Amino acid sequence: MTEMRKGPHRPEPKSSTKNLMPRGTALGAVEGVLAKGVPLDGALAGRPEWKRMEPRDRAFARAIASAVIRRPIALDAALMQVLDKPLPDEEIKAHLILRCGAAERLILETPAHAAVDAWVSLMAQDPNTARFKNLANAVLRRVVDQGKGAFLDSDPLEDLPDWLAERWVETYGEPVARAIAIARSVPPTLDLTAKPGFDAQSFADEIGAKVLETGTIRRPDIGAVDGLPGFEAGDWWVQDVAAALPARLLNVRAGEKVADLCAAPGGKTLQLAATGASVIAVDASPKRLKRLAENLERTKLNAEIVTADVADWTAPEPMDAILLDAPCSATGTLRRRPDAAWAKEPGDIANLADIQRRLLDASFAQLKPGGRLVYCTCSLELEEGEDQIAAFLERTPDARLDPVTADELPGLKEALRPDGAVRTRPDMWDERGGMDGFYIARIVKG
């Protein structure tokens, strides 16, 4: 990191506490994610001022933090065009303030008079960074004109942890890996799943959205979800287009006995319950199951909720169908959860794969003969998808893969693997906003 030569002295700008609060919250959250691997939600909610902030300010803080976490190296490339002397290595907070300010100017496109004054004030408030306030003022006023080209030219693969970028290049090849990185470098769309019988097209027209081939309702910007028509009535719920596929591919019918394992926060449970099936939702987290219960109440759908470790749970009777959305590295969800890249290490994937193996064996044992199991993970890693199912089929004589057909994946033929499993990637449907990366396999017993 380099430091700009000092220019003429400027008076310290004035910024209200209200304007500084969301930015200070974002700064603390970015530090928690990038330096400590704390999940973004936890880093934000852990700030003492979070509960006092208005919803708009919370959304603003999250937008700043997400922008920095998505493009840290690209932002540094832009700053390097304006700086010419390194900041000391220990000046981590000053560096993060410059990154946050640059993110506001280059990504959120906040006018200079608002963004620059606020970040200069934050720089001045801390005795450890106050000496860089004039630097921040000069840099952030010039970063758009002098640094935007470098920002746009920066390789999005470099914004990922090295180990993850290298894995994707090895697995998918550099062009696809870069396309995935580009897809996760921009904010996601708002995707909604509607209850059966709901007029999705009229609703989409009303909120400025489109109905995708798979039935998902997609709007380009997220906004305040709870303010949209139909929220209170429970006509729909938030769910990425790829995350909606596993439950659909289970092909559940009314009256069937179905288990949703590792169910919270419940999008797939809602889908299964909406079919008229008798659904049991199992998860080990009481806190996450509370959210699932709230979603069931809002949508007026029914499911039995069980708090249990899926590996130890025994169904009251053999199940017709089971959906196992196994715990995973979540590397396919970086569009929506950019912090997930920084919360994992290479060794985590092997540990998670071992957990998935145990859950697969335990889940399959709960099926009746002829029953169906859909296994899925929101991971792009082969160990958690293709390799996991290959090993399961080899050790399980009475299990066979039930191939998904192109008719079941309208508009997504490219996601079909030769064996009939499904592999979605964030760069698919890129012209329409992309999707999460999922591996999905449908298995029949007997």
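Parameters at a glance
- Residues numbered from 1 in each chain as written.
- Predicted model: local features only at pLDDT ≥ 70, side-chain atom pairs only at ≥ 80, totals over all residues.
- Heavy atoms only, no water.
- Phe/Tyr/Trp six-rings, centres within 6.5 Å; stacked < 30°, edge-to-face > 60°.
- Buried < 20%, exposed > 50% of the residue type's maximum accessible area, 1.4 Å probe, protein only.
- Lys NZ or Arg CZ within 6 Å of the ring centre and 35° of its normal.
- Helix = DSSP H or I, 4+ residues; strand = E, 2+ residues; numbered from the N terminus.
- Lys, Arg positive; Asp, Glu negative; His and termini not counted.
- Salt bridge = Lys/Arg side-chain N within 4 Å of Asp/Glu carboxyl O.
- Contact = heavy atoms within 4.5 Å.

Considering the packing of aromatic side chains
Alright, step 1. One pass over the structure, following the stated rule, counts 4 aromatic pairs.
Alright, step 2. Between Phe-198 and Phe-203, the aromatic rings sit 5.3 Å apart at their centres with planes inclined by 65°, giving edge-to-face as the arrangement.
Alright, step 3. Judged by its relative accessible area of 24%, Phe-198 is partly exposed.
Alright, step 4. Among the aromatic residues, ring-to-ring pairing joins Phe-198, Phe-203, Phe-231 and Trp-236 into one connected group.
Alright, step 5. Seen from the ring of Phe-151, Arg-71 lies directly overhead, with NZ or CZ sitting 5.3 Å from the centre.
Alright, step 6. A cation over a ring is seen here: Lys-445 above Phe-364, with NZ or CZ 5.2 Å from the ring centre.

What to know about the side chain of Arg-184
Alright, step 1. Locating Arg-184 in the fold gives a position in the loop between α9 (174-183) and β1 (190-194).
Alright, step 2. Nearest to the buried, unbridged Arg-184 among oppositely charged side chains is Asp-159, at 5.1 Å.
Alright, step 3. Once you skip the residues sitting within four places of it in the chain, Arg-184 turns out to touch Ile-69, Arg-70, Asp-159, Leu-160, Leu-334, Arg-335 and Pro-338.

With respect to the pattern of salt bridges
Alright, step 1. Inspection of every chain in the model, using the stated rule, returns 33 salt bridges.
Alright, step 2. Note that Asp-117 is salt-bridged to Arg-141, the shortest N-O span being 3.0 Å. With a gap of 24 residues between them, Asp-117 in helix α6 (residues 112-125) and Arg-141 in helix α7 (residues 133-153) connect regions that are remote in the sequence.
Alright, step 3. Taking relative accessible area as the criterion, Asp-117 reaches 18% and is therefore assigned buried.
Alright, step 4. Three or more residues are tied together by salt bridges with common partners; here these are Asp-191, Arg-218, Asp-240, Arg-335, Arg-336 and Asp-436.

Any link to function would need more than the numbers given here.
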